[in-house]
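Reading the structure
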Amino acid sequence: MTGFLIRRLLGIAATLLVICAVTFCIFYLLPSDPATQFCGKDCAPDQIALVRKQMGLDAPLIVQFGHYVLAIFAGRTMGSGQYAVQCNFPCFGYSFQSGRPVWDLMMDRFPTSASLAVGAALLWVFFGLSAGVLSALKKNSWIDRTVMVGTIGAAALPVYFTAMILLYVVVTVLGLIPYPRYIAFSEDPVGWLRNLILPWITLALASAAIYARMTRSSVIETLAEPYVRTARAKGLPERRVVAKHGLRPALTPVVTMLGMDLGSLLAGAMITESLFGLPGVGKLFADSLSKSDQPVVMGITLLASFFIVSSNLVVDLVYAWIDPRARLS
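In what follows, the accompanying structure is described. Remember, it's a predicted structure, so these values are computed and weren't measured experimentally. (Residues numbered from 1 in each chain as written. Predicted model: local features only at pLDDT ≥ 70, side-chain atom pairs only at ≥ 80, totals over all residues. Heavy atoms only, no water.)

Our focus in this paragraph is the overall build of the protein chain. Along the protein chain, the regular secondary structure elements total 15 helices and 2 strands. For the protein chain, with 329 residues in total, the buried portion stands at 41%. Put simply, the protein chain shows about 17800 Å² of open surface, and 68% of that area lies on carbon and sulfur atoms. (Helix = DSSP H or I, 4+ residues; strand = E, 2+ residues; numbered from the N terminus. Buried < 20%, exposed > 50% of the residue type's maximum accessible area, 1.4 Å probe, protein only. Areas by Shrake-Rupley, 256 points an atom, 1.4 Å probe, with all protein chains shown as cover.)

Shown next, in the form of structure tokens:
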């Protein structure tokens, strides 16, 4: 197990390094000049040249990349002389628009994205698994057909369409809750819940439908395995056969997908956050991308990559607990 963890951690580090290099090269090849963006369009050419030197943009690309990677782990002094600024660990640079450290900007927005991701994941896992297991146990019945038709319809709805319908019906027509705005859980738990329920439903609806169909197929396949028939032949109660011998191994593909989805959501659900005006990492990414704020876009890209590759490692470890066959292999 120790060797496996070491290999996977080294793989994660190598993957993040490659993603960082590719992202860095893409921004380097863009026609927009970071020095011009940082200094402003009204700066004279000599001022832009001075800014380029202070930002280290006059150095070779490989040197700039080395400084960027090293700053993430050890911090960095940016600029020189009276313009020198200490960027503490972990240093992703400074935003061209606000002048604030990129790490601080992302961490200010992360609680919103984490609240949105975890709440939506709990909803779609609960309803998706419940509907999938029920459909599998009632295979080819009217319940199975109803659930599957409903999941097809839910999966076909775009996120922005679901969000607009929910806002119009729940907020405008029924007036059950005010227009969503993010409130920290520590400030008002009830307000936090009321303002996130619509974004949670928006994100969870399509995902729950996909999870339900996946769970149904996996459970049906697992219940047909020889060891399940053996468990039934021993006289074990059907509930125990389904829960212990059928459901747990069937959750393997579901856990894989959950790890990927949750890793992506923790880095920000860009469309949902933008539609509901939630100040999360996804909305920060959309705003920074529209303004060509390169340091922020690069920082969020690396943050998203970290969550996704880390979730793969967590999924592999969870396999051994869910499916005994993974432990044997």
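Considering the arrangement of structural elements, one finds Thr 222 in helix 8 (residues 189-223). In the structure, Thr 222 is positioned 28 residues away from Ala 250 in sequence and 6.0 Å away in space, judged by C-alpha atoms. Ignoring any residue separated from it by four or fewer positions in sequence, one finds Thr 222 in contact with Tyr 227, Val 228, His 245, Gly 246, Pro 249 and Ala 250. (Contact = heavy atoms within 4.5 Å.)

Our next topic: unusual backbone geometry. You will see that Asn 140, though not glycine, has its phi angle at about 65 degrees, which is positive. Its location among the elements puts Asn 140 in the loop between helix 5 (102-137) and helix 6 (142-156).

To continue, consider the environment of Gly 132. Here Gly 132 shows up in helix 5. Sequence separation between Gly 132 and Val 219 is 87 residues; the distance between their C-alpha atoms is 8.1 Å. The contact partners of Gly 132, leaving out residues within four places of it in the chain, are Ala 212, Thr 215 and Arg 216.

Let us look at the state of the cysteines. Inspection of every chain in the model, using the stated rule, returns 0 disulfides. As a non-bridged cysteine, Cys 20 has Cys 25 as the owner of its nearest cysteine sulfur, 9.3 Å distant. Here Cys 20 falls in the buried class, since its relative accessible area comes to 4%. Taking the relative accessible area as the measure of exposure, Cys 25 reaches 33% and is therefore partly exposed. (Disulfide = S-S within 2.5 Å.)

Here the focus is helix 6. Between its first and last C-alpha, helix 6 extends 21 Å over 15 residues, near the 21 Å set by a 1.5 Å rise per residue. What helix 6 keeps buried is the set Asp 144, Val 147, Met 148, Thr 151 and Ala 154. Along the axis of helix 6, the buried positions cluster into a sector of 130 degrees, meaning they face one direction only. Facing away from the buried side of helix 6, by more than 90 degrees, are the exposed residues Trp 142, Arg 145, Val 149 and Ala 156. (Expected span 1.5 Å × (residues − 1). Arc of directions from axis to C-beta.)

Counting across every chain of the model gives 3 salt bridges. Here Asp 108 makes a salt bridge to Arg 100, at a shortest N to O gap of 2.6 Å. Its salt-bridge partner being Asp 144, residue Arg 216 comes within 2.8 Å of it at the nearest N-O pair. With Arg 216 in helix 8 and Asp 144 in helix 6, this residue pair connects regions lying 72 residues apart in the sequence. Asp 144 matches Arg 216 in its accessibility class, with the two residues each being buried. (Salt bridge = Lys/Arg side-chain N within 4 Å of Asp/Glu carboxyl O.)

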